[in-house]
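# Descriptive analysis of the structure
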Amino acid sequence: MQFVLLAGLAGTVGVGVAGWLAGLAYAGVLCGLLRRGLRAAGAERLGPADRVTLARALLVGGVLALVVGGGPAPVAVLVPLAAVALALDAVDGRVARRTGTVSALGARFDMEVDSFLLLVLSVHLAPSVGGWVLVIGGMRYAFVAAAWPLPWMRGTLPPRYWRKVVAAAQGVVLAAAASGLLPPVATAALVAGALALLVESFGRDVAWLWRHRPAAPATRPAPAVEVVPVVAPASAPTASTVRALDVRPVATGLAALGVGSPATALPALGVGPVRPATCTVPSWIAGTGPADLPARVAGPPAAGPVRLAPVGAHGPGARPVDPPARPVPVAVRIVAHQPA
């Protein structure tokens, strides 16, 4: 169908080689995106309302061919094509509601056809009105592009009637400006007013998405470790020696999660390779209690996770200590996951 429309335009007003190429490329991309959308939606064919939107899309392809055809676009053909495409925008939604075929695919298809028509009309008006009119055509695409680095802009907006009114007004204003019936000053003022409405509408949507952005993700959980003294020869320090170093063990009631053996768990914590089952207490030990207690407190050690930190670390709960006189054999096992 797009080929038939392009052939008709070429035989009457002419579209040039650039117009042919642009129209055929547009039709190819349109078919590919529709096929992908149908596959994602689990549908085999377009619904009745989607066919109306497809007819609008083909008309937009004709407008595109006229705009990039290489010469002055014939207003007597361009404006009626755009006007029919805009008028059918009120038909596809009504057909979808009456036939019970309202779908996310149809709504997205309709919105993208509207956006592309605004972009093509903006390009057509840029030489006569000014390059700033391209903001109208590019606003939707800038909004989509901003969602890539800003995930909070990917949220689902609530339905808003004013948004539809503003979108329809853009097409009507651009089509009227393309007709050339208004004086240049009036055309520029009319287009500037439409742009102001569009900025307000998009600004309101961005503000809504910012206010309803998801909460910041929790910090990446870091494994807590339990320092368990290993039965050592009589000459080696006992478990009391470990407590004398003010190492705070986790509560004994926490059951091991069984995440690998000590030999595999330690490298994951960044401690480096160790001998299977045992290692020695390093010259630095950082311990944190339930409330991140200071380095040394009176009384028995508080129950809570023990965290290993490099020498010189001064984060919460980090406290380098002097190395023991003798290496203390210990085993380290994963017992819980605490926020980093």
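Before reading further, recall that the structure is shown in the block above.
Calculation rules
Residues numbered from 1 in each chain as written. Predicted model: local features only at pLDDT ≥ 70, side-chain atom pairs only at ≥ 80, totals over all residues. Heavy atoms only, no water. Helix = DSSP H or I, 4+ residues; strand = E, 2+ residues; numbered from the N terminus. Buried < 20%, exposed > 50% of the residue type's maximum accessible area, 1.4 Å probe, protein only. Contact = heavy atoms within 4.5 Å. Phe/Tyr/Trp six-rings, centres within 6.5 Å; stacked < 30°, edge-to-face > 60°. Lys NZ or Arg CZ within 6 Å of the ring centre and 35° of its normal. Expected span 1.5 Å × (residues − 1). Patch = residues over 30% accessible without salt bridge, like charges linked within 9 Å, V, L, I, M, F, W, Y side chains within 5 Å. Areas by Shrake-Rupley, 256 points an atom, 1.4 Å probe, with all protein chains shown as cover. Salt bridge = Lys/Arg side-chain N within 4 Å of Asp/Glu carboxyl O. Axes fitted to C-alpha atoms, helices over the stretch in contact; angles between N-to-C directions. Parallel < 35°, antiparallel > 145°, perpendicular 65-115°, else oblique. Nonpolar A, V, L, I, M, F, W, Y, C, P; charged D, E, K, R; others polar.

Within the chain one finds 11 helices and five strands. Counting only residues that meet the buried cut, the chain has 36% of its 340 residues in that class. Here the analysis covers contacts within the chain between residues at least 6 apart in sequence; of these, 77% occur between residues at least 24 apart.

Attention now moves to the packing of aromatic side chains. Scanning the entire structure with this criterion turns up four aromatic pairs. Between Y26 and F116, the aromatic rings sit 5.3 Å apart at their centres with planes inclined by 15°, giving stacked as the arrangement. One end of the pair, Y26, is in helix 2 (residues 16-41); the other, F116, is in helix 6 (residues 104-129), with 90 residues separating them in the sequence. Taking relative accessible area as the criterion, F116 reaches 21% and is therefore assigned partly exposed. Looking at R213, its charged tip hangs above the ring of W210, at a distance of 3.6 Å from the centre.

A few words now on helix 3 (residues 48-67). The end-to-end C-alpha distance of helix 3, which contains 20 residues, comes to 29 Å, matching closely the 28 Å that a straight helix rising 1.5 Å per residue would cover. The buried fraction of helix 3 amounts to 16 of the 20 residues, a majority that puts the element mostly inside the structure.

Time to look at the side chain of T187. With respect to the helices and strands, the residue T187 is situated in helix 9 (residues 184-211). Contacts of T187, omitting those with residues within four sequence positions, involve V129, A177 and L182.

Here we take up a nonpolar patch on the surface. A contiguous nonpolar patch, built from Y161, W162, V165 and L197 and spanning about 390 Å² of accessible area, is present on the exposed surface. Sorting elements by how many residues they give to the nonpolar patch places helix 8 (residues 161-179) first, with three residues. Its place among the elements puts L197 in helix 9.

So, about the packing of helix 3 against helix 5 (residues 89-99). Following both chains from N to C, one finds helix 3 and helix 5 inclined at 170°, their axes separated by 7 Å at the closest point. The orientation of helix 3 relative to helix 5 falls into the category roughly antiparallel. Across the interface between the two elements, P48, A49, V52, T53 and R56 from helix 3 touch D89, V91, D92, V95, A96 and T99 from helix 5. Class assignment for the residues of the contact of helix 3 with helix 5 results in six nonpolar, two polar and three charged.

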